[in-house]
Number of protein chains: 4
Amino acid sequence: MTVKLGIIGTGRIAHAHAAGVSNSPDAELVAVNDLVADVAEAFAAKYGCRADDVEGIAADPDITGVLICTPTPTHSVLIEKFAKAGKHVFCEKPVDLDIEKAKEVVAAAENAGVKLMLGFNRRFDPSFLAVRAAIDDGTVGDVELVLITSRDPEPPPVAYARVSGGLFRDMTIHDLDMARFLLGEDPVVVSAHGSALVSPDIAEFGDIDTASVILETASGKQAVITNSRRATYGYDQRVEVHGSRGVVYAENQHEPGAVIGNENGYTKTPLQNFFMDRYIPAYTNEIKAFVKCIADDTEPPATGADGVIALRIADACFESLHTGKRVRI
Amino acid sequence: MTVKLGIIGTGRIAHAHAAGVSNSPDAELVAVNDLVADVAEAFAAKYGCRADDVEGIAADPDITGVLICTPTPTHSVLIEKFAKAGKHVFCEKPVDLDIEKAKEVVAAAENAGVKLMLGFNRRFDPSFLAVRAAIDDGTVGDVELVLITSRDPEPPPVAYARVSGGLFRDMTIHDLDMARFLLGEDPVVVSAHGSALVSPDIAEFGDIDTASVILETASGKQAVITNSRRATYGYDQRVEVHGSRGVVYAENQHEPGAVIGNENGYTKTPLQNFFMDRYIPAYTNEIKAFVKCIADDTEPPATGADGVIALRIADACFESLHTGKRVRI
Amino acid sequence: MTVKLGIIGTGRIAHAHAAGVSNSPDAELVAVNDLVADVAEAFAAKYGCRADDVEGIAADPDITGVLICTPTPTHSVLIEKFAKAGKHVFCEKPVDLDIEKAKEVVAAAENAGVKLMLGFNRRFDPSFLAVRAAIDDGTVGDVELVLITSRDPEPPPVAYARVSGGLFRDMTIHDLDMARFLLGEDPVVVSAHGSALVSPDIAEFGDIDTASVILETASGKQAVITNSRRATYGYDQRVEVHGSRGVVYAENQHEPGAVIGNENGYTKTPLQNFFMDRYIPAYTNEIKAFVKCIADDTEPPATGADGVIALRIADACFESLHTGKRVRI
Amino acid sequence: MTVKLGIIGTGRIAHAHAAGVSNSPDAELVAVNDLVADVAEAFAAKYGCRADDVEGIAADPDITGVLICTPTPTHSVLIEKFAKAGKHVFCEKPVDLDIEKAKEVVAAAENAGVKLMLGFNRRFDPSFLAVRAAIDDGTVGDVELVLITSRDPEPPPVAYARVSGGLFRDMTIHDLDMARFLLGEDPVVVSAHGSALVSPDIAEFGDIDTASVILETASGKQAVITNSRRATYGYDQRVEVHGSRGVVYAENQHEPGAVIGNENGYTKTPLQNFFMDRYIPAYTNEIKAFVKCIADDTEPPATGADGVIALRIADACFESLHTGKRVRI
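Rules used in this analysis
- Residues numbered from 1 in each chain as written.
- Chains lettered and ligands numbered in written order.
- Predicted model: local features only at pLDDT ≥ 70, side-chain atom pairs only at ≥ 80, totals over all residues.
- Helix = DSSP H or I, 4+ residues; strand = E, 2+ residues; numbered from the N terminus.
- Rg over C-alpha atoms; globule rule 2.2 N^0.38 Å.
- Buried ≥ 20, exposed ≤ 12 C-beta atoms within 10 Å, placed from the backbone.
- Contact = placed C-beta atoms within 7 Å.
- Arc of directions from axis to C-beta.
- Least-squares fit on C-alpha atoms with pLDDT ≥ 70 in both.
- Nonpolar A, V, L, I, M, F, W, Y, C, P; charged D, E, K, R; others polar.
- Pairing = 2+ DSSP bridges.
- Bend = angle between axes of the 7 residues up to and from the residue.
- Axes fitted to C-alpha atoms, helices over the stretch in contact; angles between N-to-C directions.
- Domains from an automatic or database assignment.
- Parallel < 35°, antiparallel > 145°, perpendicular 65-115°, else oblique.
- Left-handed = near helix turned anticlockwise from the far one by under 90°.
- pLDDT = per-residue confidence, 0-100.

### Some details on the overall build of chain A
- Across its full length, chain A holds 11 helices and 15 strands.
- For chain A, whose C-alpha radius of gyration is 20 Å, the value lies close to the compact-globule estimate of 20 Å for 329 residues.
- In chain A, buried positions account for 60% of the 329 residues.
- Across chain A, every contact between residues at least 6 apart in sequence was considered, and the portion connecting residues at least 24 apart equals 70%.

The following block contains the structure:
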């Protein structure tokens with residue numbers, strides 16, 4: 001049976017997900033919505049589906065799930081609307097920047113009996129999945145230290161940063177989720193340091209662009225995250241897990257190209273520039289996973305509840321940064 | 001203006017090329033032919049085109065080019081038919097195993113005024129293109145030594161090998177073309193050694209599965225090719241160019257995954273298994289290049305004539321192997 | 001002029017330093033002292049010097065410097081004795097586990113007008129020196145994030161750990177000094193987390209074997225250190241500096257050997273096993289630097305004062321761990 | 001029992017071997033000879049041995065072996081002299097550029113009942129030994145293809161080239177020996193190509209500086225060697241063995257240093273510059289092996305006979321190059 005899907009929003013990530021649907025043999029994209037009619041029509045033409053309004057998609061009995069790819073402020077209202085209409089929902093993170101609202105929305109989906117999957121795309125990256133597999137199958141033994149490096153090639157516009165909820169809620173949240181994914185145990189205490197070294201003007205509204213975070217679990221496992229909003233060498237995305245029996249890590253991914261050697265040394269290409277290059281297979285896997293959890297009626301591999309927990313940890317990082325104290329979660 | 005294309009054959013490579021057409025904004029696949037009607041229909045449904053017979057495709061005035069993805073023995077007749085019908089032709093290599101016939105077909109396309117592009121897919125691989133770029137822009141200086149390593153993960157069926165024209169015409173031919181692509185000068189003399197170490201039974205019909213070849217140009221540049229029909233570690237595809245000012249090389253590509261370290265050392269994944277994984281971007285680039293040379297009315301970046309020359313060198317390798325002599329081309 | 005040196009202690013590190021002296025064209029080892037006369041004689045025979053008591057070495061007018069390679073509790077008394085005798089002193093870290101005593105000793109050397117160089121060997125490692133050079137010459141721009149990974153292959157005996165001053169003063173202190181060396185600015189605040197995952201019995205006397213530390217400078221630069229007393233894959237020693245213009249890092253060093261590829265992947269050797277393999281060139285460079293600072297009458301590149309500062313930061317880590325608070329230094 | 005050794009010659013390689021003797025607990029250097037008395041005295045002072053004439057060394061009953069480190073033309077006469085005096089001989093390769101003379105000398109040593117070990121230093125390199133171990137223990141299965149890359153950073157002076165016996169006898173001979181070491185079977189046929197691309201003036205006396213060689217054994221195993229007298233990126237020394245069960249290879253060794261990443265990519269250091277850096281551990285191992293074969297009275301791991309065979313193959317390469325034919329050995 002084919003899972004029929006609608007998509008809300010037509011930005012870059014919507015294109016990635018539409019391609020993900022094309023690559024899912026059991027799924028079909030049947031409708032798209034965008035505030036701008038022309039844009040929706042063009043998108044519909046490209047992917048062979050219809051343009052429709054949100055109500056039309058919610059009311060279509062053939063559609064079993066929707067992919068929400070709109071800006072953050074619209075997430076909670078859209079999730080609630082589609083949950084009420086009985087549609088399973090895949091939504092880009094975060095559910096909401098306000099944790100109480102986020103909990104409400106997650107509860108709403110639960111009460112409506114629909115699945116709510118959150119776009120923690122990195123959980124679906126082949127190399128990070130391989131890291132997780134080496135934990136699950138005992139290869140590295142008991143996890144002791146997790147290192148996560150996440151650096152964007154360049155800072156977002158200040159206007160974006162201003163409404164983003166801050167570095168921890170906007171960027172680090174992916175790493176916090178990854179830390180949970182790899183630790184296999186929730187952190188109970190956090191220390192966060194940060195500073196505005198790339199864009200000093202964002203300090204004005206209390207934001208930072210360079211950060212270091214330590215998470216610790218009840219059993220003493222530790223995860224360390226470092227973030228920067230600037231990396232001249234590309235999109236730096238590494239995870240490493242040190243355990244009692246060994247270490248496992250995912251290497252950075254370079255742009256395609258050759259290695260050149262001469263009297264100055266050996267030079268290979270910079271890293272893939274940003275998430276739309278780096279995480280293509282992850283986006284595809286993510287949509288396949290959403291389709292599969294609908295088809296098999298199983299729990300999504302990244303739930304709304306995961307989003308709430310990651311947000312709670314991000315809030316704790318924010319508190320630690322601003323109070324100068326270690327914070328219990 | 002959109003370039004409308006037909007495709008002949010529906011095997012794995014036809015699927016790769018159909019995907020390549022989807023990724024070419026200026027091209028559209030409008031018809032497919034296969035001997036088996038059901039298979040053609042399924043292919044047509046998948047890619048949104050019609051199933052048709054060869055004559056129908058040749059006669060369709062909207063179609064400006066065809067992609068020939070059928071077995072080698074059918075290539076020459078199909079190229080001639082479509083050339084006569086005024087269609088530009090992209091054909092998987094080789095044009096024909098017989099060099100005289102191959103020349104005839106190339107001449108026929110030329111006389112008909114259509115382009116004949118040959119599927120030397122490796123010329124379109126991003127890392128090999130980067131190697132070539134480092135030659136073209138002077139980074140490595142004058143080319144002196146070219147090293148090409150090409151090893152298949154496993155041998156083809158004996159039945160296939162028997163009609164393949166032998167290792168040099170079937171497998172090495174890609175490397176011979178790559179050598180020309182990188183040397184920037186045609187080889188004039190060749191020494192070839194080979195043996196049947198993987199499948200001793202193929203020696204019966206004079207074939208080999210393990211080979212070493214040296215090509216030398218008039219100016220003294222040398223290219224060395226090593227081939228094997230067996231590589232437990234995956235599809236081994238490397239090129240290296242040593243020049244007066246430096247070296248440039250394309251590294252092997254590994255399966256996605258993680259690195260694991262323990263008391264036994266650090267282990268990364270094997271190589272991507274075979275050409276359908278390794279050369280996905282090359283296949284896409286190749287079709288884009290075919291579309292572009294039609295749209296811009298330029299010379300294809302890998303012509304029928306290139307195919308004839310590569311075949312002539314392969315024949316020289318065969319002669320060198322069997323006579324035990326160095327052969328002038 | 002040849003710098004004549006005495007050495008106190010005959011353990012592994014004394015052998016490394018004696019070799020370092022042999023490799024220093026301008027230096028000569030003339031005397032050795034050890035509590036056990038036989039051992040001192042054997043050492044003397046091996047390196048072509050005389051065995052003598054501490055007083056004899058202190059009184060020898062030909063000797064201009066001494067290398068103190070004895071256990072930590074003897075450092076301060078020996079430094080004071082030789083300083084009083086007008087000898088320049090190279091001493092293994094730490095000066096003393098008690099910071100007040102350490103300051104006293106440093107002051108004593110200063111008052112005596114002799115140089116006191118501390119064995120922060122990592123400052124002399126060629127790859128770490130290259131990292132520092134890339135900072136000094138502006139290659140990586142302003143330093144923003146420093147990552148230091150330091151993991152021992154196995155824990156020391158519990159008896160050793162009990163008197164070592166704890167992980168931060170015994171092991172992390174090297175990383176704290178390296179952080180200062182790379183940050184180019186002293187840290188002003190520290191957060192430290194730790195747990196006893198490898199040897200739970202050391203928790204009894206308040207020690208840990210797995211730790212994460214964040215250091216932050218007044219200008220907002222951050223350094224992150226992770227430590228473990230267990231690494232099945234060898235002696236893990238990495239530093240990475242992310243700056244405004246790029247990143248520079250020192251890779252781990254593997255045991256000599258080959259790479260093997262097969263269906264399980266590509267495997268290279270584990271890391272060099274421990275400091276006596278990993279830091280051979282650093283030990284040699286360190287002794288050369290000591291000889292040179294005597295010959296040129298310049299400041300040693302790692303002073304007693306550096307040791308006091310590193311110890312103060314280690315004490316702050318200890319306080320942060322046990323109070324659960326961020327600590328200002 | 002300590003093996004007492006004399007050394008003839010005081011060049012760079014003599015220093016390397018003297019250091020090798022220092023690192024051999026069971027050996028002692030007792031005498032050195034050099035044509036220039038002052039130089040011999042300085043060498044003697046440095047290594048704590050006496051300067052003596054050749055006759056004195058040959059007549060010293062305490063000396064059981066000699067290390068011949070003089071220019072090639074003196075090798076045969078010195079070997080014969082010391083063999084006659086009953087000394088075991090370690091000699092830098094080659095025994096003699098004339099194969100008949102070389103055979104004579106090897107026979108002389110045999111008749112005298114002394115060991116004659118040849119300085120094929122690469123057999124003692126840790127990474128090449130690991131490659132060989134992976135063959136010997138069956139890890140890579142049956143050897144099928146051997147690839148040897150050997151490129152010098154720069155050409156020798158023309159004056160040296162003129163008397164060197166040509167590239168094959170002077171440089172390739174190391175690779176020919178390595179090919180034998182790894183093939184485990186002697187080659188029976190060879191094809192050699194070469195040209196003078198680096199120093200065109202050497203073509204005048206028939207020499208080359210860029211070469212490609214294929215060796216084939218009776219069972220069909222192949223070894224491919226590529227050589228150049230120029231490599232801007234350092235001393236390029238790689239071996240790779242492809243077998244029925246896998247591949248094993250020794251990676252190039254880089255100068256110590258750091259990796260720098262920025263918008264131009266990731267750059268690591270060039271290769272170690274030449275043999276005196278690259279093969280330090282090999283030189284040490286080689287001398288230890290000579291001492292051990294004397295102490296244990298066993299066959300040296302690289303004999304005069306190995307030198308004769310390598311020279312015979314080099315002669316065959318020369319013949320193949322100049323006749324344009326494949327040559328049987």
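### What about helix α2 (residues 37-47) of chain D?
Residue and element names in this part refer to chain D.
- Within the span of α2, buried status applies to Ala40, Phe43 and Ala44. Each buried residue of α2 lies within a common arc of 100° when the element is viewed along its axis, so the set occupies one face. Those residues of α2 that are exposed and angled more than 90 degrees off the buried face are Asp38, Ala45 and Lys46.
- Tucked into the core, α2 has its buried residues touching β2 (27-33) and β3 (50-51).
- Downstream of α2 by a residue or two, Gly48 has a phi angle that is positive, lying close to 65°.

### Looking at the relation of the copies chain A and chain C
- For the pair chain A and chain C, the best superposition has an RMSD of 0.0 Å and corresponds to a rotation of 180° with a translation of 0.0 Å parallel to the axis. On this basis, the relationship between the two copies can be described by a two-fold rotation axis. Within chain A, Lys325(A) has its C-alpha nearest the rotation axis, a separation of 2.9 Å.
- Counting the interface residues of chain A, we find that 100% of their copies in chain C are interface residues as well, pointing to one common contact surface.

### Re the interface of chain A and chain C
- Each partner contributes to the interface: chain A provides 27 residues, whereas chain C provides 27 residues.
- Contributing elements (two or more residues each) for the side of chain A that touches chain C: β7 (143-151), β8 (187-195), β9 (210-217) and β10 (222-228) of chain A.

### Some details on the interface of chain B and chain C
- The interface is formed by 12 residues belonging to chain B together with 12 residues belonging to chain C.
- Breaking the side of chain B that touches chain C down by element, the ones donating at least two residues are β13 (259-262) and β14 (265-268) of chain B.
- The residue inventory of the side of chain B that touches chain C, partitioned by class, reads three nonpolar, seven polar and two charged.
- Note: β14(B) against strand β14 (residues 265-268) of chain C, three bridges, orientation antiparallel. Residue pairing for β14(C): Lys268(B) is matched across the bridge by Tyr266(C).

### A few points about the pairing of strand β9 (residues 210-217) of chain D
Residue and element names in this part refer to chain D.
- Burial analysis of β9 places eight of its eight residues in the buried class, which makes it a mostly covered element.
- With burial as the criterion, each face of β9 is covered, one bearing Thr210, Ser212, Ile214 and Glu216 and the other bearing Ala211, Val213, Leu215 and Thr217.
- Sheet analysis places β9 next to strand β10 (residues 222-228), joined by seven bridges and oriented antiparallel. Within the sheet, the bridge partner assigned to Leu215 lies in β10 and is Ala223.
- In textbook terms, the turn of a hairpin is the stretch between consecutive antiparallel strands, and for β9 and β10 this stretch comprises four residues, one of which, Gly220, has a positive phi near 95°.

### Some remarks on the relation of the copies chain B and chain C
- For the pair chain B and chain C, the superposition axis carries a translation of 0.0 Å, the fit reaches an RMSD of 0.0 Å, and the rotation angle comes to 180°.
- Interface residue correspondence from chain B to chain C reaches 100%, placing this contact among same-surface, isologous pairings.

### Remarks on helix α8 (residues 167-183) of chain D
All names here are of chain D.
- Its maximal kink placed at Ile173, α8 deviates by approximately 55°.
- For α8, a buried count of 17 out of 17 residues is recorded, marking the element as mostly surrounded by other parts of the structure.
- One or two positions beyond α8, positive phi appears at Gly184, with a value near 70°.

### Re the sheet that holds strand β4 (residues 65-68) of chain A
Residue and element names in this part refer to chain A.
- Sheet architecture is open: six strands sit in the order β3-β2-β1-β4-β5-β6, paired in parallel fashion. Both outer strands of the open sheet, β3 (50-51) and β6 (116-118), are each paired with one neighbouring strand and no more.
- Examined bridge by bridge, strand β1 (residues 3-8) and β4 share four bridges and lie parallel to one another. Looking at the pairing, Gly6 lines up with Val66 of β4.
- Here helix α10 (residues 280-296) sits on the sheet and contacts β1, β2 (27-33), β4, β5 (88-91) and β6; the angle it forms with β1, its principal contact strand, is near 135°.

### Some remarks on the domain arrangement of chain A
All names here are of chain A.
- By domain assignment, chain A separates into domain 1 (3-114) and domain 2 (122-278 + 304-328).
- Measuring from the centre of the C-alpha atoms in domain 1 to the corresponding centre in domain 2 gives 27 Å.
- Contacts between domain 1 and domain 2 engage 12 residues on the former and 11 residues on the latter.
- Among the secondary structure elements, those contributing two or more residues to the side of domain 1 that touches domain 2 are α1 (12-22) and α5 (99-112).
- Residue contributions to the side of domain 1 that touches domain 2 peak at six residues, all from α5.
- Per-class residue counts for the side of domain 1 that touches domain 2 are nine nonpolar, no polar and three charged.

### Some remarks on the environment of Ala112(A)
Residues and elements named next belong to chain A.
- The topology assignment puts Ala112 in helix α5.
- Along the primary structure Ala112 and His17 are separated by 95 residues, whereas in three dimensions their C-alpha atoms are 25 Å apart.
- Ignoring sequence-local partners within four residues, the contact set of Ala112 consists of Ala83, Lys84 and Gly86.

### Considerations on unusual backbone geometry
Residues and elements named next belong to chain A.
- Cis peptide bonds are those with omega within 30 degrees of zero, and the linkage from Lys93 to Pro94 qualifies with -5°.
- The residue Pro94 is located in the loop between β5 and α5 in this model.
- The phi dihedral of Asp297 falls on the positive side, at around 50°, and the residue is not glycine.
- If you trace the backbone, Asp297 turns up in the loop between α10 and α11 (304-323).

### Quick look at the packing of helix α1 (residues 12-22) of chain B against helix α10 (residues 280-295) of chain B
All names here are of chain B.
- Relative orientation of the contacting elements α1 and α10 amounts to 60°, with a least axis distance of 8 Å. Considered as vectors, α1 and α10 are oriented oblique to each other. When you trace α1 past α10, the crossing you get is right-handed. Residues Ala16, His17, Gly20 and Val21 of α1 lie in contact with α10, whose contacting residues are Tyr283, Thr284, Glu286, Ile287 and Lys288.
- The residue inventory of the contact of α1 with α10, partitioned by class, reads four nonpolar, three polar and two charged.

### Some words on the sheet that holds strand β4 (residues 65-68) of chain C
Residue and element names in this part refer to chain C.
- Ordered in space as β3-β2-β1-β4-β5-β6, the six strands form an open sheet in which the pairing is parallel. Of all strands in the sheet, those bounded by a partner on one side alone are β3 (50-51) and β6 (116-118).
- Two elements, strand β1 (residues 3-8) and strand β2 (residues 27-33), share six bridges in a ladder whose sense is parallel. Bridge pairing links Gly6 to Ala31 in β2.
- Lying over the sheet, helix α4 (residues 75-84) contacts β1, β4, β5 (88-91) and β6, oriented at roughly 160° with respect to β5.
- The sheet contacts of helix α10 (residues 280-296) involve β1, β2, β4, β5 and β6, and relative to β1 the element is tilted by about 135°.

### What about the environment of Val198(B)?
All names here are of chain B.
- Mapping Val198 onto the fold places it in the loop between β8 (187-195) and β9 (210-217).
- On the neighbour-count criterion, Val198 (18 C-beta atoms within 10 Å) is partly exposed.
- For the pair formed by Val198 and Glu154, sequence separation is 44 residues and the distance between their alpha carbons is 8.8 Å.
- Among residues more than four places away in sequence, those in contact with Val198 are Pro155, Asp209, Thr210, Ser228, Arg229 and Arg230.

### As for the confidence of the model for chain A
- Per-chain confidence: chain A averages 95 in pLDDT, with 100% of residues scoring 70 or above.
- Interface confidence in the predicted complex, given as ipTM, is 0.94; pTM for the same model is 0.95.

### Section: the environment of Phe205(D)
- Within the element layout of this structure, Phe205(D) appears in the loop between β8 (187-195) and β9.
- A residue is classified by how many C-beta atoms lie within 10 Å of it, and Phe205(D), with 11 of them, is exposed.

### Details of the packing of α4(C) against helix α5 (residues 99-112) of chain C
Residue and element names in this part refer to chain C.
- Contact geometry for α4 and α5: axes closest at 9 Å, N-to-C directions at 10°. Classified by the angle their axes make, α4 and α5 are roughly parallel. Relative to α5, the crossing made by α4 is left-handed. Of the residues in α5, those in contact with Ser76, Ile79, Glu80, Ala83 and Lys84 of α4 are Lys101, Val105, Ala108, Ala109 and Ala112.
- Here the residues of the contact of α4 with α5 sort into six nonpolar, one polar and three charged.

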